[in-house]
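One letter stands for each residue in the lines below.
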Amino acid sequence: MWEIIQRWFDDNIKEAGVENAYFPLFVTEEALKAEKDHVEGFAAEVAWVTKSGDTEMERPIAIRPTSETVMYPYYAQVLLVLLLFCYCLLLLFCYCLLFSILKQLL
């Protein structure tokens, strides 16, 4: 069932002309501070890159703990709408499946 949903979304997203977005793996300390409230819950778990080869880095960089650190300033509203849309489609799919099963039983 999950693969059918994935395929449907993939086909419709591509048909709409949406392109994949890629976000950096590493973020600066300043970028993390901009999302201080979001990162605070797992700040102790953030991995920091402090060396490049044998050389100490002037400014350590963090391995981005979540996509939200980079995406939320730009996509907060879009993500919420998309999640609600996905939820509604999943409910619709489940109702259709249930209807199909009930129809066969009756």
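Residues numbered from 1 in each chain as written. Predicted model: local features only at pLDDT ≥ 70, side-chain atom pairs only at ≥ 80, totals over all residues. Heavy atoms only, no water.

Caption draft 1: View of the pairing of strand E3 (residues 55–63). Two elements, strand E1 (residues 26–28) and E3, share three bridges in a ladder whose sense is antiparallel. What sits directly across from Phe 26, in E3, is Ile 63. Strand direction decides the pairing type here: strand E2 (residues 48–52) and E3, joined by four bridges, are antiparallel. The partner of Ser 52 across the bridge, within E3, is Thr 55. From the end of E2 to the start of E3, which pair antiparallel, there are two residues, and Gly 53 there has a positive phi angle of about 65 degrees. (Pairing = 2+ DSSP bridges. Helix = DSSP H or I, 4+ residues; strand = E, 2+ residues; numbered from the N terminus.)

Caption draft 2: Quick peek at the pattern of salt bridges. All chains considered together, the criterion is met by two salt bridges. The residue Asp 10 makes a salt bridge to Lys 14 at a minimum N-O spacing of 3.2 Å. Placement of the pair is Asp 10 and Lys 14 together in helix H1 (residues 2–15), with a separation of four residues, close to one helical turn. For Asp 10, a relative accessible area of 34% translates into the label partly exposed. Lys 14 sits in the exposed class, given a relative accessible area of 57%. For Arg 59, the salt bridge goes to Glu 30, with nearest N and O atoms at 3.0 Å. Of this pair, Arg 59 sits in strand E3 while Glu 30 sits in helix H2 (residues 29–34), and the two are 29 residues apart along the sequence. By relative accessible area, Glu 30 is classed as partly exposed at 46%. (Salt bridge = Lys/Arg side-chain N within 4 Å of Asp/Glu carboxyl O. Buried < 20%, exposed > 50% of the residue type's maximum accessible area, 1.4 Å probe, protein only.)

In short, geometric facts, not functional conclusions.
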